[in-house]
Amino acid sequence: MNTLVKIEEGRKKGIISFLKSLLEKGIVTQALVPMRVPTGTSFAYILTKDPNILENCEPIAPVMPIQGARIVSKLTKKGPLKGVTAVILRPCEIRALRELVKLNQVQLDGLLTISFDCPGVFPLKSYLNGHREQMDEVFWQAIDKCELEGARPVCSICYLFSGELADLEIGFGGITSDAFSLTPHSEIGEKALRELGYEEASLEGRQKYLAALREKREIKRKNFFKEFRSQVEGPEGIMSVLANCINCHNCMRVCPVCFCRECFFDSEALKVSPEDYMMRAERKGGLRFMPDTLLFHLGRMNHMSLCCVSCGMCEDACPVFVPVARLFALVADETQNMFHYIPGRDLEEPIPYLDYQEEELKEYEQSYIEEYAP
């Protein structure tokens, strides 16, 4: 059941009206949506039961100051909320949410997830320091084509940009600018559309548009990885890319799939005394500070690259502009391809490191003798 929603006041107002109708008709009990903060510089999620409050919400924000999957995790990991909660999330946030379900960090019961064709977002620093009103206008114009000029680098190579993994998918690509589509992908999504009373519509042109755009993005992604891989090859290459890292661990703290109660890199195990530093420096003839920078990033890659959804939060949070999201996207692409795994694709598909089998990866093995014999 595909529906086409005609709008008169622009897509933003149309989506707000749609969200309000979910509350007004009692289809959902509350809604979790982005709202511009009072200073006007950024956005935060609000949870409300009042449809009137939604009049001023920003259903699709031009930046991503927090990963929505983290918010849903905080609200539901100890049990579902009362009633039905509508939550609007970007495609990468939906995929992170579904990974967190597998890790027992999110409860999907009682959620009506809504996603949309995402054109990408502006880097947070660019938005904070730029002409925000003009950037808002550029962003909503970009929604028609699902491509945002000036978007974060990982957004510009994202090929999983549609909301097909949500209960309800809002479509813009391949749709005339005076409308948007709604497509259900679950029973709760179908039930919501029936109760709203929307009429069924054909979306053949949309599917062709999305397929062509995905192909274009995949080619761009492949070319980017080829170029970026040459920059990070070998210890010298990766240390050059990470040279500005100050070990603040912001990238870890904003990552939606990093959730350990205590991180090894913040634990007592890595608290080194001055004497130990002096011994290491003397033994090596010199010691780069911080000495654990490479260990931290390699450890994180090993820990969560299979679940990485390339949302770009880590790079946005970096105070010294390390291209950490691009680095993680490159590593994630290779590790996920190795296991034929796409994070969030299937709720029933286990994360590979939680379902390890001894016979796996034989094609990547190299015998000890072959590797080390003279």
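Anything mentioned here points back to the structure above.
Everything in this summary refers to the structure shown in the same document.

What counts and what doesn't
Residues numbered from 1 in each chain as written. Predicted model: local features only at pLDDT ≥ 70, side-chain atom pairs only at ≥ 80, totals over all residues. Heavy atoms only, no water. Helix = DSSP H or I, 4+ residues; strand = E, 2+ residues; numbered from the N terminus. Buried < 20%, exposed > 50% of the residue type's maximum accessible area, 1.4 Å probe, protein only. Contact = heavy atoms within 4.5 Å. Areas by Shrake-Rupley, 256 points an atom, 1.4 Å probe, with all protein chains shown as cover. Polar contact = N/O pair within 3.5 Å; in protein donor to acceptor, adjacent residues only side chain to side chain. Arc of directions from axis to C-beta. Salt bridge = Lys/Arg side-chain N within 4 Å of Asp/Glu carboxyl O. Patch = residues over 30% accessible without salt bridge, like charges linked within 9 Å, V, L, I, M, F, W, Y side chains within 5 Å. Lys, Arg positive; Asp, Glu negative; His and termini not counted. Charge placed at Lys NZ, Arg CZ, Asp CG, Glu CD. Axes fitted to C-alpha atoms, helices over the stretch in contact; angles between N-to-C directions. Left-handed = near helix turned anticlockwise from the far one by under 90°. Nonpolar A, V, L, I, M, F, W, Y, C, P; charged D, E, K, R; others polar. Pairing = 2+ DSSP bridges.

Helices and strands together make up the secondary structure of the protein, namely 15 helices and seven strands. When the 374 residues of the protein are sorted by exposure, 48% land in the buried category. Within the protein, contacts between residues at least 6 apart in sequence are counted, and of these 77% link residues at least 24 apart. Approximately 19400 Å² of the protein is accessible, and the part contributed by carbon and sulfur atoms is 52%.

Now for the side chain of Asp-117. As for its placement among the helices and strands, Asp-117 is situated in the loop between strand E5 (111-116) and helix H4 (124-129). Judged by relative accessible area, which is 0%, Asp-117 ranks as buried. Separated by 2.6 Å, the side chains of Asp-117 and Arg-206 make a polar contact. When sequence neighbours within four positions are dropped, the list of residues in contact with Asp-117 reads Cys-146, Phe-161, Ser-162, Gly-163, Glu-169, Ile-170, Gly-171, Phe-172, Gly-173, Arg-206 and Leu-210.

On to helix H5 (residues 132-142), then. Along H5, the positions that sit buried rather than exposed are Met-135, Asp-136, Phe-139, Trp-140 and Ala-142. Along H5, the residues classed as buried sweep out an arc of 155° about the axis, all on the same side. Turned more than 90 degrees from where H5 packs its buried face, Glu-133, Gln-134 and Gln-141 sit exposed.

Our next topic: the pattern of salt bridges. In the structure shown here, the tally under the stated rule is 18 salt bridges. Note that Glu-55 is salt-bridged to Lys-13, the shortest N-O span being 3.9 Å. Here Glu-55 is found in the loop between strand E3 (43-48) and helix H2 (68-76), whereas its partner Lys-13 is found in helix H1 (residues 11-24), with 42 residues between them in sequence. Here Glu-55 falls in the partly exposed class, since its relative accessible area comes to 34%.

A separate point is a positive patch on the surface. Positive charge collects at one region of the surface, where Lys-74, Lys-77, Lys-78 and Arg-261 lie side by side. When its relative accessible area of 65% is taken as the criterion, Lys-74 is described as exposed.

Residues other than glycine seldom take positive phi values, yet Asn-104 does so here, at roughly 60°. Tracing the chain through its elements places Asn-104 in the loop between helix H3 (91-102) and E5. For Asn-104, a relative accessible area of 63% puts it in the exposed group.

One can describe the packing of H2 onto H3 by two numbers: an axis separation of 8 Å at closest approach and a directional angle of 35°. In this structure, H2 meets H3 at a crossing whose hand is right-handed. Residues Gly-68, Ala-69, Val-72 and Ser-73 of H2 touch H3, and the partners they reach there are Glu-93, Ala-96, Leu-97 and Leu-100. In terms of residue class, the contact of H2 with H3 is made up of five nonpolar, two polar and one charged.

It is worth spelling out the pairing of strand E6 (residues 168-171) at this point. Neither face of E6 is left uncovered, since the one carrying Leu-168 and Ile-170 and the one carrying Glu-169 and Gly-171 both have all their residues buried. Examined bridge by bridge, E5 and E6 share three bridges and lie parallel to one another. Of the residues in E6, the one forming a bridge with Ser-115 is Glu-169. Note: E6 against strand E7 (residues 179-184), four bridges, orientation antiparallel. Each bridged residue has a counterpart across the sheet, and for Ile-170 the counterpart in E7 is Leu-182.

Next up on the list: the sheet that holds E3. If you trace the seven strands from one edge of the open sheet to the other, you get E1-E7-E6-E5-E4-E2-E3, paired in mixed fashion. The two strands at the open ends of the sheet, each matched to only one other strand, are strand E1 (3-6) and E3. Each strand of the sheet is rotated relative to its neighbour by a mean of 25°, with strand direction disregarded.

Bringing the pairing of E3 into the picture now. On any regular strand, side chains alternate: one points to one face of the sheet, the next to the other face. As paired strands, strand E2 (residues 30-36) and E3 are joined by six bridges and run antiparallel to one another. Bridge assignment links Ala-31 to a residue of E3, and that residue is Thr-48. Following E2, the chain reverses through six residues before pairing antiparallel with E3; Gly-40 in that reversal takes a positive phi of roughly 80°.

You can see Phe-43 is positioned in strand E3. Judged by its relative accessible area of 6%, Phe-43 falls in the buried class. Spatially, the C-alpha atom of Phe-43 lies 7.8 Å from that of Met-64, the residues being 21 residues apart in sequence.

The next subject is the side chain of Ser-42. If you trace the backbone, Ser-42 turns up in the loop between E2 and E3. On the accessibility criterion, Ser-42 (14% relative accessible area) is buried. Once residues lying within four places of it in the same chain are set aside, the contact partners of Ser-42 are Met-35, Arg-36, Val-37, Pro-65 and Leu-124.

With that settled, the discussion passes to the environment of Arg-90. Within the secondary structure layout, Arg-90 lies in the loop between strand E4 (85-88) and H3. Along the sequence, Arg-90 and Ile-114 sit 24 residues apart, while their C-alpha atoms lie 8.4 Å from each other. Apart from residues lying up to four places away in sequence, Arg-90 is in contact with Ile-60, Ala-61, Val-63, Met-64, Ser-115, Phe-116, Cys-118, Gly-120, Val-121 and Phe-139. At 2.5 Å, the side chain of Arg-90 and the backbone oxygen of Ala-61 are in polar contact.

Taken by themselves, the reported measurements are silent on function.
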